[in-house]
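Close look at the chain arrangement
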Amino acid sequence: MVRSVALLAAACLLAGGCASFPDEPPPTSWSAQPQLTPQAGPRPELPGEYRPSPGQNGQNPAPQSVPPPQGCKDFNPGVIATCLNPVTGVAPIGGDANGGVAAYATERGGRLLKVSKDVDPVVVAQIDVDASSDGGLTGLTISATFAEDQLAYVYATTATDNRVLRIAPGDTPKPILTGIPKGPTGNRGVLASDRKGALLVATGDAGNPALAADPNSLAGKVLRIDGSGKPAQGNPTAGSAVIASGLRLPGGLCVAGDTTKIWVTDWAASGDVVYRVTPGKPLADPAWRWTDRPGVMGCASLSDVLWVSTSKVAGFQNLPMNPDGAITGKPEPAMQENGYGLLGPMELLNDSAALVGTVNKAGGQPVSSDDRVAFITRQGPPGGTKD
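Here we summarise the structure given alongside this text. These figures come from a predicted structure and were not determined experimentally.

The next subject is the pairing of strand β13 (residues 221-225). Counting buried residues along β13, five of its five residues qualify, which places the element largely inside the surrounding structure. Every second residue of β13 is oriented toward a common face, with Lys221, Leu223 and Ile225 on one face and Val222 and Arg224 on the other, all of them buried. Bridging between strand β12 (residues 199-202) and β13 involves four bridges; their strand directions are antiparallel. Counted as the bridge partner of Leu199 is Ile225 from β13.

What follows is the structure, encoded as structure tokens:
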């Protein structure tokens, strides 16, 4: 059985067509703000990370109960932002002025926000999106060199297409990859950093499964691009952004901290699935399939377990895996009670913790402080005894 997972106590927490690739925008005069960078200050301690101590038997203490939220005030110390609309993307961006954590978060309706604990969210950008189907503002990641350039990337559905935009604070969002097919369904897309300097983009099939199998279409694909939207160096086919094909409606995209594993979740025709992405090969056999369709969304690839969030069932799924990335057992649900409810995006922080966003307003049972950005962590050390 995979090890149990607890809430993070964070009180001392830190339509088909050819795609076009617009020209690289000129540099802006905006300068970086050092206090927002991951390098600002010492590494924050995540209370709830595993730290051995006598008598614990490799387990962290159970979290104490907290009062229910009052309006937008949430007493759970793992919560850093409240009263948002359904959250579609999260990305930690460093520390805040109080020694806690700051993060970017996207809402499906089009807002990119900067959030930190006990501070009102700050709107970084408002993007005009079409959220009439399953699209909208659905994906977020930050630059691998965020400390220097402060760049964020988002995936958006517009009136004419799906696209990736680059955003610098104080500047107008710049489209870098346009013409991703838009349809009546299959518009959701998600983003991730490959942790090597390139961006990963998972696209929906625009309601047309044939597009996902068409090598000339960007629909239903995993793409790898550089920061200007061009195909990244080292892709399987030079000059092509496509590294894998066969998606229907992706929910999440994640990369292991050591960069050896890439995963993408999808609402496939046969059920909800998670695929291990091998560049240059189609997405054929999923690593796991859920026939009960819990609404798989974000993921986090730890050293010995894959976390997958679910938007139709409270909590998330633990999939145990060996060092090579093979799933070694059936998923086990976690945080189904006394947690955050329905979860959407998930972003790995370290081998014990992840940042998550809730989507309770999109079909769950929201509390007064929903929707929220918060943390989860696990009990016990990586590779330790599983209970």
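Structure shown, so let's carry the discussion forward.
To continue, consider empty space enclosed by the protein. Of the volumes computed, that of the largest cavity is approximately 120 Å³. Around the largest cavity, the lining comprises 15 residues; the ones closest to its centre are Thr88, Leu140, Leu191, Pro345 and Met346. When residues of the lining of the largest cavity are traced back to their parent elements, those giving at least two are β3 (87-95), β7 (137-142), β11 (190-193), β15 (250-255) and β23 (343-350). Of the residues that constitute the lining of the largest cavity, the class distribution is seven nonpolar, seven polar and one charged.

Below, the discussion takes up unusual backbone geometry. Cis geometry marks the peptide bond from Asp370 to Asp371, where omega comes out at -5°. If you trace the backbone, Asp371 turns up in the loop between β24 (353-358) and β25 (373-378). Positioned with a positive phi, Asp118 is a non-glycine residue whose angle comes to about 60°. The class for Asp118 is exposed, based on a relative accessible area of 67%.

Scanning the model with the defined rule gives two aromatic pairs in all. Both rings, one in Tyr104 and one in Phe146, keep their centres 5.9 Å apart while their planes meet at 90°; by these two values the pair is edge-to-face. With Tyr104 in strand β4 (residues 101-107) and Phe146 in helix α1 (residues 146-149), this residue pair connects regions lying 42 residues apart in the sequence. Owing to a relative accessible area of 3%, Tyr104 belongs among the buried residues under this scheme. Aromatic side chains Trp307 and Phe316 sit 5.3 Å apart centroid to centroid with 55° between the ring planes, which places their arrangement in the tilted category. As far as the burial class goes, Trp307 and Phe316 line up, both buried. Against the face of Trp267 rests Lys312, its NZ or CZ located 4.5 Å from the ring centre.

On to the state of the cysteines. A covalent bond between the sulfur atoms of two cysteines is referred to as a disulfide. Applying the stated criterion to the full structure yields two disulfides. One disulfide bridge connects Cys72 with Cys83, the sulfur atoms lying 2.0 Å from each other. Its torsion about the S-S bond being -110°, the disulfide of Cys72 and Cys83 is classed as left-handed. Remark: Cys83 occurs in the loop between β2 (79-81) and β3 and Cys72 occurs in the loop between β1 (5-7) and β2; sequence separation between them is eleven residues. When its relative accessible area of 44% is taken as the criterion, Cys72 is described as partly exposed. Note that Cys254 is cross-linked by a disulfide to Cys299, the S-S spacing being 2.1 Å.

The subject of this paragraph is the pattern of salt bridges. Per the stated rule, a full pass over the model turns up eleven salt bridges. Among the ionic pairs, Lys182 bridges to Asp130, the shortest N-O distance being 2.6 Å. With a gap of 52 residues between them, Lys182 in the loop between β10 (174-180) and β11 and Asp130 in the loop between β6 (119-126) and β7 connect regions that are remote in the sequence. What makes Lys182 buried here is its relative accessible area of 16%.

Here is what the cut-offs are and how they apply
- Residues numbered from 1 in each chain as written.
- Predicted model: local features only at pLDDT ≥ 70, side-chain atom pairs only at ≥ 80, totals over all residues.
- Heavy atoms only, no water.
- Buried < 20%, exposed > 50% of the residue type's maximum accessible area, 1.4 Å probe, protein only.
- Helix = DSSP H or I, 4+ residues; strand = E, 2+ residues; numbered from the N terminus.
- Pairing = 2+ DSSP bridges.
- 1 Å grid on protein atoms, 1.4 Å probe; cavity = no way out; pocket = protein on both sides within 12 Å on 5 of 7 lines; lining within 4 Å.
- Points joined across faces, edges and corners; volume = space filled by probe spheres on them.
- Nonpolar A, V, L, I, M, F, W, Y, C, P; charged D, E, K, R; others polar.
- Phe/Tyr/Trp six-rings, centres within 6.5 Å; stacked < 30°, edge-to-face > 60°.
- Lys NZ or Arg CZ within 6 Å of the ring centre and 35° of its normal.
- Disulfide = S-S within 2.5 Å.
- Salt bridge = Lys/Arg side-chain N within 4 Å of Asp/Glu carboxyl O.

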